[in-house]
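Below, each chain spelled out in residue letters.
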Amino acid sequence: MNWDDRPEDAAAAAAAAERLVGPAAERLVDSGADGEDQAVEAALRPKDLGEFIGQEKVREQLDLVLRAARARGATADHVLLSGAPGLGKTTLSMIIAAEMGAPIRITSGPAIQHAGDLAAILSSLQEGEVLFLDEIHRMSRPAEEMLYMAMEDFRVDVIVGKGPGATAIPLELPPFTLVGATTRAGLLPPPLRDRFGFTAHMEFYEPAELERVVHRSARLLDVEIDTAGAAEIAGRSRGTPRIANRLLRRVRDYAQVKADGRIDREIAGAALAVYEVDGRGLDRLDRAVLEALLKLFGGGPVGLSTLAVAVGEERETVEEVAEPFLVREGLLARTPRGRVGTPAAWAHLGLTPPQKAGGAGQQDLFGA
């Protein structure tokens, strides 16, 4: 293992990535949501399970859970949704509330730093209300331990006073449904995971599903788009509906300024070329990482810190922002000796792998 590739705490790495500022944090293909995305998503969100596109297994299973709860006249089981950002976890939480005819309260793990913060929220819930807790893995430990009893017994113990004179006052809670969302399910402690009655993992979308997302969003935004144009946008959206909707808005802007407002394959391709998003969804940062790896270091292996210096970015930016998609696309591999460019990366950039000493090419690293 390279000295600059030692494992780091996952939570610390995630927090570092969330502190990113500047170009790396403002990428068009970033799966996070900024203020503009949140405003637009509110208008584009499906309102029920029948309108929700993709995630077929999750929708089918969740539909059974909600129908059974309604038939019993009971509160739905607690639900845990895991998966990458932008796949619809928040949307599904709102659909759960709508399907159950209940109000929804939205908060996040980082906002709950003390047990008292959670107690204040729980004590104000109405019967049957849905509490959506985003990034639940980032909740503080004291609040997490209070949540155990609240989820299981609908009760919390409020501590009054300090030291020997402290008294625990039990506070009964009305039945509620907790919907937890996390991008890092592995960081949830087993006692918390076990208290969810239904867990689901959100998968990345297929291009055909994203085409349906683009067509639906185009109708809601009053944008004229043909099948080829929707397919072009879907193919560059990294399997993520949030990115597909963002690319659609940027292509719409281009079509209104440079054309007659109608989107076809040619217009979509020209617009996304302006925004430096290529045919596989790679942007400037992704290509910079690949070009440095292939052109400067002959395809690797190279250490993460060295690669980050070569592209002029922080180590955390390369590791948390660029690498996940490149690895998922099979363009980059993490090995004990460092990062390595795959044959697909050489082909994508139109480069020829160098011949190693003894006639062994880059492909030998992958057994080809």
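Residues numbered from 1 in each chain as written. Predicted model: local features only at pLDDT ≥ 70, side-chain atom pairs only at ≥ 80, totals over all residues. Heavy atoms only, no water.

(A) Geometry of the confidence of the model for the chain. Within the chain, residue pLDDT values average 82, and 84% of them lie at 70 or more. In this model residues 1-25 is a low-confidence stretch, pLDDT under 50, and it forms 38 contacts with partners more than four residues away in sequence or in other chains. Scored below 50 in pLDDT, residues 357-368 makes 22 contacts in the model with residues more than four places away or belonging to other chains. (pLDDT = per-residue confidence, 0-100. Contact = heavy atoms within 4.5 Å.)

(B) Fine view of helix α10 (residues 241-258). Compared with an ideal rise of 1.5 Å per residue, which puts 18 residues at 26 Å, α10 spans 25 Å between its outermost C-alpha atoms and is within 8% of the ideal. Most of α10 is tucked away: 13 of the 18 residues are buried. (Helix = DSSP H or I, 4+ residues; strand = E, 2+ residues; numbered from the N terminus. Expected span 1.5 Å × (residues − 1). Buried < 20%, exposed > 50% of the residue type's maximum accessible area, 1.4 Å probe, protein only.)

(C) Looking closely at the environment of Ile267. Here Ile267 lies in helix α11 (residues 265-274). Sequence-wise, Ile267 and Ala255 are 12 residues apart; in three dimensions their C-alpha atoms are separated by 6.6 Å. For Ile267, the contacting residues outside a window of four places in its chain are Tyr254, Ala255, Ala259 and Arg262.

(D) Summary view of the packing of helix α8 (residues 207-220) against helix α9 (residues 227-235). Contact geometry for α8 and α9: axes closest at 8 Å, N-to-C directions at 120°. On the basis of the axis angle, α8 is oblique to α9. Seen from above, α8 lies across α9 with right-handed handedness. In this structure, α8 contributes Pro207, Leu210, Glu211, Val214 and His215 to the contact, and α9 contributes Thr227, Ala230, Ala231, Ile233 and Ala234. Among the residues forming the contact of α8 with α9, the class breakdown is seven nonpolar, two polar and one charged. (Axes fitted to C-alpha atoms, helices over the stretch in contact; angles between N-to-C directions. Parallel < 35°, antiparallel > 145°, perpendicular 65-115°, else oblique. Left-handed = near helix turned anticlockwise from the far one by under 90°. Nonpolar A, V, L, I, M, F, W, Y, C, P; charged D, E, K, R; others polar.)

(E) Seen up close, the pairing of strand β9 (residues 338-341). As judged from the four bridges shared by strand β8 (residues 332-335) and β9, these two strands associate in the antiparallel manner. Across the sheet, Ala333 pairs through a bridge with Val340, a residue of β9. Adjacent in sequence and paired antiparallel, β8 and β9 are bridged by two residues. (Pairing = 2+ DSSP bridges.)

(F) View of the environment of Val277. Here Val277 lies in the loop between α11 and α12 (284-296). The spatial distance from the C-alpha of Val277 to the C-alpha of Val29 is 7.9 Å, given a sequence separation of 248 residues. For Val277, the contacting residues outside a window of four places in its chain are Leu28, Val29, Arg236, Leu247, Leu272 and Leu282.

(G) Fine view of the sheet that holds strand β3 (residues 130-134). If you walk across this open sheet you meet the five strands as β2-β3-β6-β1-β7, and the pairing is parallel. This sheet does not close on itself; its edge strands, each paired only once, are β2 (104-108) and β7 (198-201). Between one strand axis and the next, the sheet turns through 15° on average, direction left out of account. Both β2 and β3 contribute to a ladder of five bridges, which runs parallel. When the bridges of β3 are listed, Thr107 appears paired with Leu133. On top of the sheet, helix α3 (residues 56-72) reaches β1 (79-82) and β7; it is set at about 165° to β7, its chief contact.

(H) Spatial organisation of the packing of α8 against α10. The interhelical angle for the contact between α8 and α10, taken along N-to-C directions, is 45°, at an axis separation of 10 Å. With respect to each other, α8 and α10 are oriented oblique. Of the two elements, α8 crosses α10, and the hand of that crossing is right-handed. Of α10, the residues touching α8 (which contributes Leu210, Val213, Val214, Ser217 and Ala218) are Pro241, Ala244, Asn245 and Leu248. Its residues assigned to classes, the contact of α8 with α10 comprises seven nonpolar, two polar and no charged.

(I) Quick look at the environment of Gly299. If you trace the backbone, Gly299 turns up in the loop between α12 and α13 (304-311). Relative accessible area serves as the criterion here: at 0%, Gly299 is assigned to the buried category.

(J) Looking closely at unusual backbone geometry. One non-glycine residue, Phe154, lies in positive phi territory at about 50°. Structurally, the position occupied by Phe154 is in the loop between α6 (141-153) and β4 (155-160). The backbone phi angle of Glu276 is positive, close to 60°, even though this residue is not glycine. Considering the arrangement of structural elements, one finds Glu276 in the loop between α11 and α12.

(K) Representation of the pairing of β1. Burial of β1 is two-sided: the residues Val79 and Leu81 facing one way and the residues Leu80 and Ser82 facing the other way are all buried. Here β1 pairs with β7 via four bridges, running parallel. Looking at β7, one finds that Leu80 is bridged to Thr199.

(L) Expanded view of the nonpolar core. Counting 47 residues, the largest nonpolar core has Leu62, Leu92, Ile225, Ile233 and Ile263 as its most contacted members. For this core, the element with the highest residue contribution is α10, accounting for six residues. Setting aside anything within four residues of it in sequence, one finds Leu92 in contact with Leu49, Phe52, Val58, Leu62, Leu81 and Met202. Core analysis: the next-biggest nonpolar cluster, separate from the first, contains 24 residues, Ile136, Ala150, Val156 and Leu178 among them. (Core = buried A, V, L, I, M, F, W, Y, C linked by side-chain atoms within 4.5 Å.)

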